[in-house]
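# Structural features, examined
Chain residues, written in single-letter form:
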Amino acid sequence: MKKVKYSHEEGNFAFGEKDYVTIVVRYWYAKELEDELYYHGIIKNVEDEGFWCVLDGEKDQKEYFSFLDIEGVLTGDRIPFLDGTAKRLPRDYLNER
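Throughout what follows, the structure given in this document is the object of discussion.

What counts and how
Residues numbered from 1 in each chain as written. Predicted model: local features only at pLDDT ≥ 70, side-chain atom pairs only at ≥ 80, totals over all residues. Heavy atoms only, no water. Pairing = 2+ DSSP bridges. Helix = DSSP H or I, 4+ residues; strand = E, 2+ residues; numbered from the N terminus. Axes fitted to C-alpha atoms, helices over the stretch in contact; angles between N-to-C directions. Buried < 20%, exposed > 50% of the residue type's maximum accessible area, 1.4 Å probe, protein only.

Another point: the sheet that holds strand β6 (residues 63-66). Read from one edge of the open sheet, 5 strands run β6-β5-β4-β3-β7, paired in antiparallel fashion. Single-partner strands in this sheet number two, and they are β6 and β7 (72-75). The average undirected angle you get between the axes of adjacent strands in this sheet is 45°. Strand direction decides the pairing type here: strand β4 (residues 37-46) and strand β5 (residues 50-55), joined by 5 bridges, are antiparallel. Across the sheet, isoleucine 42 pairs through a bridge with valine 54, a residue of β5.

Attention now moves to the pairing of strand β3 (residues 20-26). By the criterion of burial, β3 is predominantly enclosed, with 5 of the 7 residues buried. Pairing geometry for β3 and β4, over 6 bridges, is antiparallel. From the neighbouring strand, tyrosine 20 faces β4, where its bridge partner is isoleucine 42. Pairing analysis gives 4 bridges linking β3 to β7, with the strands arranged antiparallel.

The next point concerns the pairing of strand β2 (residues 10-13). In terms of strand pairing, strand β1 (residues 2-5) meets β2 through 4 bridges, oriented antiparallel. Each residue of the ladder has a partner; that of lysine 3, found in β2, is asparagine 12. Between β1 and β2, which follow one another and run antiparallel, lie 4 residues.

The values reported here are purely geometric and, on their own, carry no functional implication.
Written out as structure tokens, the structure is:
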């Protein structure tokens, strides 16, 4: 686990290559609902200042996320919710109903 500086505060980054994560770009500090933004993906490489990730639905390209540009990183089974997090519904939840 390493200590990193996110956009609004310091936090821990306990993830590595092949971990499935939720990348919180804007949520806890967003003023408007339309500004909320987070992604899900698999980490491919971690660097000192950020990490490379293959996002869900974008299997053929990697995206770079600087720690300073995001609010935090969660395990992929969590999503940001109010002041904390919540369990994410399975991807096929609506199809099962």
